[in-house]
Amino acid sequence: MTRDIAGLTVEIDRTLCIGSGSCVGLADEIFEIDEQNLVRFQEDPSDIDPERLKEACAVCPVDALRVYDGDEQVVP
C-alpha cells in the first residue's frame, strides 16, 4: 500500500506489520489498525506535519513503514 501524504510517499508493508499500533498512537489521522490487526491508511487521511508523519513511521518496531522524499528513502 502506498500513498502520497504531506509531500512524502508512505509505503506500508503489511507482510511485516505486527499490529503494534505505535504509528496510530502518533498519527491516528493517517493510520488505523484493521480487523486483521494490521496497519492501513485511514480512508480519508487528514493533513499532517511531515516531520510528525516521519516520526510516526520511524517508531515502527519492524520497519513496516517506509517514507520517501522524492527518490530518497528517509524512513527507516
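Structure shown above.
Residues numbered from 1 in each chain as written. Predicted model: local features only at pLDDT ≥ 70, side-chain atom pairs only at ≥ 80, totals over all residues. Heavy atoms only, no water.

Student: Now, about the side chain of R66: what can you tell me, with residues and values included?
Tutor: Counting through the fold element by element, R66 comes out in strand β5 (residues 65-69). Under the relative-accessibility criterion, R66 is labelled buried at 18%. A distance of 2.5 Å separates a polar atom in the side chain of R66 from a polar atom in the side chain of E11. What R66 contacts, discounting residues up to four positions off in sequence, is T9, V10, E11, D13, L16, Q73, V75 and P76. (Helix = DSSP H or I, 4+ residues; strand = E, 2+ residues; numbered from the N terminus. Buried < 20%, exposed > 50% of the residue type's maximum accessible area, 1.4 Å probe, protein only. Polar contact = N/O pair within 3.5 Å; in protein donor to acceptor, adjacent residues only side chain to side chain. Contact = heavy atoms within 4.5 Å.)

Student: Please set out the packing of aromatic side chains residue by residue, giving values where relevant.
Tutor: For the structure shown, the criterion picks out one aromatic pair. Their ring planes at 25° and their centres at 5.9 Å tell us that F31 and F41 sit as a pair that is stacked. In this pair, F31 sits in strand β3 (residues 31-33) while F41 sits in strand β4 (residues 39-41), placing the two residues 10 residues apart along the sequence. Pair check on accessibility: F31 and F41 agree, each one buried. (Phe/Tyr/Trp six-rings, centres within 6.5 Å; stacked < 30°, edge-to-face > 60°.)

Structural measurements only, silent on function.
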